[in-house]
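The chain contents come next:
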Amino acid sequence: MPAAKSKATKLDVVIVGAGVGGLYAVHRLRKLGLKVRAYEAGSGVGGTWFWNRYPGCRCDVESMEYSYSFSNELQQEWKWPERYGTQPEILRYVNHVADRFDLRRDVQLDTRIRSATFDSKANLWTLKTDKGETVTAPFCIMATGNLSTPRTPSIPGLKSFKGKWYHTGLWPHAGVDFTGLRVGVIGTGSSGVQMIPHIAKQAKHLYVFQRTANFSLPARNAPLDPEKERKHKAEYPERRRAAYDTPFGIAGFPPPEKSALEATEEERRHAYAAKWAEGGSISYLYAYNDLLVNKASNDTASEFVRERIRATVKDPKTAELLCPTDHPIGTKRLILDTEYYETYNRDNVTLVDIRSAPIKAITPNGLHTTDAEYTLDAIVFATGFDAMTGAMKEIDIRTDKGATIEEKWADGPRTYLGIMMAGFPNLFMVTGPQSPGVKSQMILSCEQHVDWIADCLQHLRDKGLQRIEPEKAAEDAWVQHTNEVADSTLYPLANSWYTGANIPGKPRVFMPYVGGVTAYKKKCDEVAARGYEGFMLAV
Ligand code: NAP
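Reading the values: the criteria
Sequence order as written defines residue numbering, which begins from 1 separately in each chain. At least 70 in pLDDT is required for a residue's local features to be given in this predicted model, at least 80 for side-chain atom pairs to be given and counted, and no such filter applies to totals for whole chains, interfaces and linings, which use all residues. Excluded from the side-chain calculations are hydrogens and water; all other atoms, namely the structure's heavy atoms, are used. Whether a residue is near a molecule or strand depends on its heavy atoms: if one lies within 4 Å, it is near. Between N or O atoms, a polar contact is any pair within 3.5 Å; within protein, one atom must be a potential hydrogen donor and the other a potential acceptor, and residues adjacent in sequence are included only when both atoms are from side chains. Each accessible area is a Shrake-Rupley estimate made with a 1.4 Å probe; only the visible protein chains count as cover when residues are assessed. Only DSSP runs of H or I with at least four residues qualify as helices, and only runs of E with at least two residues qualify as strands; both kinds are numbered from the N terminus onward. Three classes are used, and their members are as follows: Ala, Val, Leu, Ile, Met, Phe, Trp, Tyr, Cys and Pro are nonpolar, Asp, Glu, Lys and Arg are charged, and the others, Gly among them, are polar. We define a salt bridge as a side-chain nitrogen of Lys or Arg found within 4 Å of a carboxyl oxygen belonging to Asp or Glu. The classification of residues rests on relative accessible area computed with a 1.4 Å probe and restricted to protein chains. Under 20% of the type maximum is buried, over 50% is exposed, and intermediate values are partly exposed. The source of the domain bounds is an automatic or database domain assignment. Throughout, a residue-residue contact means that at least one pair of heavy atoms, one from each residue, lies within 4.5 Å. A 1.4 Å probe defines the accessible area here, and the buried area is the portion of it lost by two parts on being joined, summed over both. For two strands to count as paired, DSSP must find a minimum of two bridges between them. To define axes, lines are fitted to C-alpha atoms, for helices over the stretch in contact only, and angles between the resulting N-to-C directions are given on a 0 to 180 degree scale. By nonpolar core we mean a set of buried residues, namely Ala, Val, Leu, Ile, Met, Phe, Trp, Tyr and Cys, connected to one another through side-chain atoms within 4.5 Å.

## Description of the site of the ligand
- In the region of the ligand, 24 residues are neighbours, and Arg58, Ser191, Gln194, Thr212 and Trp497 sit closest.
- Contacts to the ligand include Asp60, whose backbone N or O atom sits 3.0 Å from an oxygen atom.
- A distance of 2.8 Å separates a nitrogen atom of the ligand from a polar side-chain atom of Gln194.
- Alone, the ligand offers 910 Å² of accessible surface; in the complex the protein occludes 86% of this.
- Mapped by element, the contributors of at least two residues to the shell around the ligand are strand E4 (58-62) and helix H6 (190-202).
- For the shell around the ligand, a count of residues per class yields nine nonpolar, nine polar and six charged.

Rendered as structure tokens:
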């Protein structure tokens, strides 16, 4: 092995991942004078926005919100062209941030971290890369993302398929031209629903293989209104602050005061129709104050969307198949689309129900369900991710005391605040399980976590401490609290990636913290103010 490779790179903090969270960690920790470096498997920065390049990929949080707040100059100067950012726009923005704040010199691309081992005597993490490099640092930050481990179901025969196949989360950089092809899309979550209208416009014929129908609302995307942009920018600092006083980390949605059951049928219809016309998921779920906690209330909101589906899709059988019936609206990620349901009125689009007739095998020429054969030139897997725990579990994380991430999370993730784990000192996570991350404006949550970690590292330095680890009791209490909060809502009723239900054999545990950003940030701030309550600190 060349000498350069056998010599360890010594850092103060090693960061895994150069997505939105990892990049901000580089910026923030460098300001503390720390020697940091982010290791990124991709050949570019941007994380989820680097990998997910499928046609129609777009953020479902409005662009004026879905952006960094740490630099007022940045947020004032950047111009978002549309209400919701497209993947290329967001990736351009992230690259601009990397250049503007000179982050690239501390980012190493094309490098996957394979293992991370803690030496408890030396208080040192040693990471090994897929290039044979060794990196050591007293502190390690996993900024590995929640939806960064794509999963392709193991359907027999895929290797024999003569056409091309793709996963939405690993999309070719050169793009894919489906013109004149017979295309099969498997999966109708956010990724499938966003891409289906685009592929339908190109393909000779598009077969959508749907196992479970999902709720989708119109995004109502449009060019950003200049007056709205001017006003938003004038209010930016106050809006960013106010975002922390909201459940989802997004300001501008006054909390509803009334239960859906307190309204008359006519009032409800009027309210849902107004939200449907406005576009956006928070807006719809904010029609009433109990849509995510009261099944009877939720039924009214769910039924309104089913009515819209039936009114939009001309073929009644297809419309009925597209009507979700297995979960209350909002308990799975509520999808935003542009002309998704309308797409099923095209002559070249067929919805195939693989709930009643599952996929049996992929063949050289297409796909077999239990009752028919489909000839396909291309197959797209929009089948999702091993969410929230997948990326960390792909790294062999262990300590010299015998703790392994594999065992630690065998029955589902256990964390204190979604930031650290008992038994794994000096290992931080950005928006880990049991934090509100995926149930919030992700960039706000990334910033909040990185700021908390930076303050914590500063505290340790000020006090001459070298080690921090959660107490097991504090972790147990947080896990229990997370579960209790989830159980007081309708969320656990859905088979979603929030619960791990999308991965065969994955423990079924509700992973995000759904007590809201306000309560969560208050707890994090209190923990810090009380000298890192629930953590063991040591020299
Ligand atoms: P997903 O929500 O997990 O959806 C996966 C789809 O694939 C589901 O319809 C699922 O059906 C189907 N599927 C999985 N395994 C299958 C199998 N073996 N056979 C047949 N069908 C199968 O994944 P996603 O659409 O990639 O979205 C994941 C998350 O990423 C979203 O919830 C969202 O948070 C984020 N995302 C956001 C945006 C945005 O900002 N607009 C866009 C894309 C993704 P079942 O439901 O029956 O399992």
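## Overview of the pattern of salt bridges
- Following the criterion strictly, the structure yields 39 salt bridges and no others.
- Of the charged contacts, one joins Arg239 and Glu65 as a salt bridge, the two residues approaching to 3.5 Å between their closest N and O atoms. With Arg239 in helix H8 (residues 236-243) and Glu65 in the loop between E4 and helix H4 (72-77), the pair connects residues that are 174 residues apart, well separated along the chain.
- Accessibility expressed as a relative area gives 8% for Glu65, which makes it buried.
- Between Lys231 and Glu235 there is a salt bridge, with the nearest N and O atoms lying 3.0 Å from each other.
- Of the residues examined, Lys231 reaches a relative accessible area of 44% and is grouped as partly exposed.
- What makes Glu235 partly exposed here is its relative accessible area of 27%.
- One network of salt bridges, with partners in common, ties together Arg30, Asp102, Arg105 and Asp106.

## Comments concerning the domain arrangement of the protein chain
- Taken domain by domain, the protein chain comprises domain 1 (9-149 + 387-465 + 513-533) and domain 2 (158-215 + 261-381).
- Using only C-alpha atoms to locate each centre, domain 1 and domain 2 end up separated by 31 Å.
- Opposite the 15 residues of domain 1 that make contact, domain 2 presents 17 residues.
- Taking both sides of the interface into account, the surface hidden between domain 1 and domain 2 amounts to around 1400 Å²; carbon and sulfur atoms contribute 47%.
- Among the residues domain 1 hides against domain 2, the three largest losses belong to Tyr54, Pro55 and Asp60. Together they make up 42% of the total.
- On the surface where domain 1 and domain 2 come into contact, there are one salt bridge.
- We note a salt bridge from Asp60 to Arg333, for which the minimum N-O separation is 2.8 Å.
- Where domain 1 meets domain 2, there are eight residue pairs in polar contact (both at pLDDT 80 or more).
- Every element with two or more residues in the side of domain 1 that touches domain 2 is listed here: helix H3 (48-51) and E4.
- Looking at the side of domain 1 that touches domain 2, the element that brings in the most residues is E4, giving three residues.
- Across the side of domain 1 that touches domain 2, the residue classes tally to eight nonpolar, three polar and four charged.

## With respect to the sheet that holds strand E22 (residues 427-429)
- Across the sheet, five strands lie side by side as E6-E3-E2-E10-E22; this open sheet has parallel pairing. Each edge of the open sheet carries a strand with a single partner, namely strand E6 (107-108) and E22.
- Pairing of strand E2 (residues 13-16) with strand E10 (residues 139-142) involves four bridges; the strand directions are parallel. Following the sheet pairing, Ile15 is matched in E10 by Ile141.
- The sheet strands contacting helix H16 (residues 442-463) are E2, E10 and E22, and the helix crosses E22 at an angle near 155°.

## Details of the nonpolar core
- Counting residues in each nonpolar core, the largest one holds 127 residues, and the members touching the most others are Phe428 and Trp452.
- Residue contributions to this core peak at nine residues, all from H16.
- When residues of this core are sorted by domain, at least three fall in each of domain 1 (9-149 + 387-465 + 513-533) and domain 2 (158-215 + 261-381).
- With residues up to four places along the chain from it excluded, the contact list for Phe428 reads Phe139, Cys140, Ile141, Met142, Ile419, Met420, Trp452, Ile453, Cys456, Leu457 and Ile468.
- Counting 22 residues, the second-largest nonpolar core is a separate cluster that includes Phe118, Trp125, Phe424 and Leu427.

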